[in-house]
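Now for the letters of each chain:
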Amino acid sequence: MFTDNPYETFHFVEWWDTLHASFISFYFIIFILLLLLLYYLMPRRGRWPVLLAGSVLFYSLEGIRPLLTVVLSGVVVYLTGLMLELLGKEKRKYRRLVLFTGILTILSVLVFTKCYALAEWKFRYVVPLGISYYTFSAVGYLADVYWGKEKAEKNVGKLLLFLLYFPKILQGPIAKHRNLAPRLEEGHVFCYRDFCFGIQLAIWGYFKKIVIADRAAIFTSSVFADDTAFGGAVLLLGTVLAAVQLYCDFSGCMDIAAGISQMFGIRLEKNFDHPFFAKSAAEFWRRWHITLGTWFKDYVYMPLVISPGLIKFSGKIGKRFGKRAGKTILTAVPLSIVWLLTGLWHGTGTDYLVWGAYWGLLIILSAIFTPEIRKLSRILHIDTDRQGWKNFQMIRTFFLFCIGRLITIPGDLKITGRIFARILTEHRLWQLVDGTLYAQGLDWREFMLLLFVMGVLWFVSLQQRNGSIRERAAEWNLIVRCAFYAGSLIVVLVFGIYGPGYETGTFAYMNY
């Protein structure tokens with residue numbers, strides 16, 4: 001690019017246009033190594049600007065217009081926060097107006113993006129990368145400033161770093177400003193332990209993403225591309241693999257993000273806690289996409305529960321129909337709104353509204369009828385403390401997740417209904433053994449490898465329940481540790497799905 005030859009300049013621009021903001025790229029590895037070197041060479045006060053510059057560069061790979069959208073949104077958030085603090089708590093009416101205006105402005109971009117995806121308008125609009133994640137973080141920040149839980153950020157650059165921080169911009173986690181901002185600004189001293197732990201976690205994330213999720217995606221995309229060709233047995237297997245695929249894709253991205261961030265000495269909030277070990281729908285969503293659930297709890301559910309209007313309404317219902325009816329209203333109304341919004345957050349189609357209603361109904365019914373469920377367990381003499389019962393609950397919850405996954409996989413509720421009917425009535429069990437499975441993009445070796453690496457995932461997850469594997473590995477002999485790390489990296493490189501024809505850099509939750 002430092003030449004007068006226009007052809008060389010053209011080739012550089014053409015090469016630059018092929019790059020995308022992705023964790024899975026040779027250029028991304030180079031980017032991380034250079035940024036780490038620059039970060040730790042700078043004086044501590046100059047380290048957060050390095051992160052900001054790196055985040056801006058990373059985001060700019062998706063285009064200048066999306067970057068400008070995020071920066072302008074950040075400026076709106078910055079000015080709104082300052083105005084909320086300047087007005088003081090005594091000017092409550094004006095503060096509410098400022099808060100409403102600021103939140104409405106930044107949410108309008110998100111709503112427009114969702115409507116654009118639904119309406120399929122003809123004009124070209126570049127969707128900002130990670131728009132839901134930085135929008136929710138911004139709304140949470142403004143709400144916390146309004147409630148007096150934290151002070152407004154005086155430095156616009158530091159606020160932009162909080163919104164744009166590159167490890168979390170693709171798929172979260174949805175961080176709180178008061179938790180993440182001090183870590184970003186601190187300027188961490190190099191820590192060998194954190195650096196190694198970060199590499200380990202990132203490698204595990206790559207294993208889940210490109211060894212398991214992308215391999216499973218080959219099979220599931222083939223099955224659901226032509227569901228009428230298969231019986232219920234293959235469709236059920238495809239649904240189960242699609243559930244595992246989504247988990248490995250999303251949690252893999254979170255592990256990569258957390259691992260990279262830990263290499264800089266910065267801890268990101270935990271977003272997954274082994275959700276497939278959950279024993280109920282409510283527990284599942286306390287373990288899956290934890291920061292999204294926390295956001296809805298803090299900024300939607302709790303404000304609704306303590307709102308005078310709802311409390312007054314539930315009191316009236318309680319006086320007329322009994323205390324339990326009043327408590328039911330106080331539980332059902334906020335949860336219904338939360339799950340309606342959760343469905344809309346994931347997508348604006350009817351299938352996502354049904355998906356939100358499905359999970360909301362499961363959780364609401366479970367909360368309302370808890371006394372009856374316990375009574376029924378006693379009548380049936382079910383020992384709820386036995387491991388066998390807990391295992392049954394985990395399997396049941398996993399299949400509830402699979403049902404929810406099937407609601408949205410086809411993108412059409414009619415197709416979903418057709419698949420459900422075939423799973424229940426038209427099994428075609430012979431397709432499991434007549435070679436049909438090995439004609440869906442994976443031959444029998446690849447299919448067996450998929451099952452094997454899923455077994456590795458399950459084994460490691462069981463071990464993680466008994467404590468940190470990284471902590472135990474840190475106690476190994478140096479030679480053993482290095483061999484283990486090298487072996488793990490080789491497994492990812494050899495058995496990963498990437499290269500021409502594969503969109504490895506795409507993550508499932510990047511579109512939300």
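Residues numbered from 1 in each chain as written. Predicted model: local features only at pLDDT ≥ 70, side-chain atom pairs only at ≥ 80, totals over all residues. Heavy atoms only, no water.

Chemist: Can you explain the overall build of the chain? Please cite residues and give values.
Modeler: Within the chain, the secondary structure is distributed over 22 helices and zero strands. In the chain, once contacts between residues fewer than 6 apart in sequence are set aside, the share between residues at least 24 apart is 75%. Approximately 26,400 Å² of the chain is accessible, and the part contributed by carbon and sulfur atoms is 66%. (Helix = DSSP H or I, 4+ residues; strand = E, 2+ residues; numbered from the N terminus. Contact = heavy atoms within 4.5 Å. Areas by Shrake-Rupley, 256 points an atom, 1.4 Å probe, with all protein chains shown as cover.)

Chemist: An account of the packing of aromatic side chains is needed here, citing residue identities and associated values.
Modeler: Evaluated as defined, the whole model comprises 45 aromatic pairs. Considering the side-chain rings of tyrosine 247 and phenylalanine 276, the 5.0 Å spacing of their centres and the 50° angle between planes classify their relative orientation as tilted. Within this pair, whereas tyrosine 247 is found in helix α11 (residues 232-263), its partner phenylalanine 276 is found in the loop between α11 and α12 (281-287), the two being separated by 29 residues in sequence. By relative accessible area, tyrosine 247 is classed as buried at 7%. Judged by relative accessible area, which is 16%, phenylalanine 276 ranks as buried. Looking at arginine 47, its charged tip hangs above the ring of tyrosine 39, at a distance of 5.8 Å from the centre. Above the plane of the ring of phenylalanine 162 lies lysine 168, whose end atom (NZ or CZ) is 5.3 Å from the centre. (Phe/Tyr/Trp six-rings, centres within 6.5 Å; stacked < 30°, edge-to-face > 60°. Buried < 20%, exposed > 50% of the residue type's maximum accessible area, 1.4 Å probe, protein only. Lys NZ or Arg CZ within 6 Å of the ring centre and 35° of its normal.)

Chemist: With reference to specific residues and values, describe the packing of helix α7 (residues 156-164) against helix α9 (residues 177-186).
Modeler: The relative placement of two packed helices comes down to the angle between their axes together with the axis-to-axis distance. Where α7 meets α9, the closest approach of the two axes is 10 Å, and the angle between their N-to-C directions is 110°. With respect to α9, the axis of α7 lies roughly perpendicular. Crossing of α7 against α9: the hand is right-handed. In contact with Lys158, Leu159, Leu161 and Phe162 of α7, α9 contributes His177, Leu180, Leu184 and Glu185. (Axes fitted to C-alpha atoms, helices over the stretch in contact; angles between N-to-C directions. Parallel < 35°, antiparallel > 145°, perpendicular 65-115°, else oblique. Left-handed = near helix turned anticlockwise from the far one by under 90°.)

Chemist: Can you tell me about the nonpolar core, naming the residues and giving the values?
Modeler: If you look at the biggest cluster of nonpolar residues, it comprises 128 residues, and the most contacted ones within it are Phe23, Phe28, Phe166, Ile212, Phe264, Trp288 and Trp359. The element contributing the most residues to this core is α11, with 17 residues. (Core = buried A, V, L, I, M, F, W, Y, C linked by side-chain atoms within 4.5 Å.)

Chemist: Let's hear about empty space enclosed by the protein: which residues, and what values?
Modeler: It is a probe the size of a water molecule, rolled over the atoms, that shows where empty space is left. All told, the structure shown has three cavities of 30 Å³ or more when counted by the stated rule. There is about 50 Å³ of room inside the largest cavity. Along the walls of the largest cavity sit Ile174, Lys176, Glu269, Thr291, Thr294 and Trp295, which together make up its complete lining. Residue classes in the lining of the largest cavity are distributed as two nonpolar, two polar and two charged. Forming the walls of the second largest cavity are Val70, Ser73, Gly74, Val77, Ile106, Tyr134, Thr135, Ala138 and Leu163. (1 Å grid on protein atoms, 1.4 Å probe; cavity = no way out; pocket = protein on both sides within 12 Å on 5 of 7 lines; lining within 4 Å. Points joined across faces, edges and corners; volume = space filled by probe spheres on them. Nonpolar A, V, L, I, M, F, W, Y, C, P; charged D, E, K, R; others polar.)

Chemist: Residues and numbers for a nonpolar patch on the surface, please.
Modeler: A contiguous nonpolar surface patch, about 620 Å² in accessible area, is contributed by Phe26, Tyr27, Ile29, Ile30, Leu33 and Leu34. Position of tyrosine 27 relative to the elements: it lies in helix α2 (residues 26-41). Looking at tyrosine 27, the relative accessible area reads 43%, which means it is partly exposed. (Patch = residues over 30% accessible without salt bridge, like charges linked within 9 Å, V, L, I, M, F, W, Y side chains within 5 Å. Salt bridge = Lys/Arg side-chain N within 4 Å of Asp/Glu carboxyl O.)

Chemist: Can you tell me about the pattern of salt bridges, naming the residues and giving the values?
Modeler: Throughout the structure, instances matching the rule amount to 16 salt bridges. Across the pair arginine 178 and aspartate 144 runs a salt bridge whose closest N-O atoms are separated by 2.6 Å. Highlighted residues: arginine 178 in helix α9 and aspartate 144 in helix α6 (residues 131-147), separated in sequence by 34 residues. Residue class for arginine 178 comes out partly exposed when judged on its relative accessible area of 31%. On the basis of relative accessible area, aspartate 144 is assigned to the buried category, the value being 1%. Across the pair glutamate 446 and arginine 215 runs a salt bridge, and its minimum N-O distance is 2.6 Å. Placement of glutamate 446 in helix α20 (residues 444-464) and of arginine 215 in helix α10 (residues 192-225) is noted, with a sequence separation of 231 residues between them. Linked through salt bridges whose partners overlap, the residues forming this network are Asp227, Arg418, Arg422, Glu426 and Arg428.

Chemist: Which residues make up the environment of isoleucine 311, and what values go with them?
Modeler: Among the structural elements, isoleucine 311 can be located in helix α14 (residues 308-321). Sequence separation between isoleucine 311 and leucine 330 is 19 residues; the distance between their C-alpha atoms is 7.1 Å. Non-local contacts of isoleucine 311, meaning those with residues more than four positions away in its chain, are made with Val305, Ile306 and Leu330.

Chemist: Could you give an account of helix α19 (residues 413-425), with specific residues and numbers?
Modeler: Owing to its 3.6 residues per turn, the α-helix brings residues three or four apart onto one side. For α19, with 13 residues, the first-to-last C-alpha span of 18 Å sits near the 18 Å given by 1.5 Å per residue. Among the residues of α19, those classed as buried are Thr416, Ile419, Arg422 and Ile423. Buried positions in α19, seen along its axis, are confined to an arc of 130° and lie on one side of it. In α19, the exposed residues that point more than 90 degrees away from the buried face are Lys414, Leu424 and Thr425. The inward-facing, buried residues of α19 contact α10, α11 and α18 (387-408). Of the residues that open α19, the one with a side-chain oxygen 2.8 Å from the backbone nitrogen of lysine 414 is aspartate 412. (Expected span 1.5 Å × (residues − 1). Arc of directions from axis to C-beta. Polar contact = N/O pair within 3.5 Å; in protein donor to acceptor, adjacent residues only side chain to side chain.)

Chemist: Go over the state of the cysteines with me, naming the residues and quoting the values.
Modeler: Per the counting criterion, the structure on display carries zero disulfides. Cysteine 196 carries a free sulfur, and the closest cysteine sulfur to it, the one in cysteine 482, is 8.2 Å from it. The class of cysteine 196 is buried, set by a relative accessible area of 16%. (Disulfide = S-S within 2.5 Å.)

Chemist: Tell me what's going on with the side chain of aspartate 144, and back it up with residues and numbers.
Modeler: There is a polar contact of 2.8 Å between the side chain of aspartate 144 and the side chain of tyrosine 299. Other than its neighbours up to four places away in sequence, aspartate 144 contacts Lys149, Glu150, Arg178 and Tyr299.

Chemist: Go over the confidence of the model for the chain with me, naming the residues and quoting the values.
Modeler: For the chain, per-residue confidence averages 86 on the pLDDT scale, and 90% of positions sit at 70 or higher. Mean pLDDT across the secondary structure elements of the chain bottoms out at helix α1 (residues 6-17), with 46, and peaks at α12, with 94. Within the model, pLDDT remains below 50 along residues 6-13, and this stretch shows three contacts once partners closer than five positions in the same chain are excluded. (pLDDT = per-residue confidence, 0-100.)

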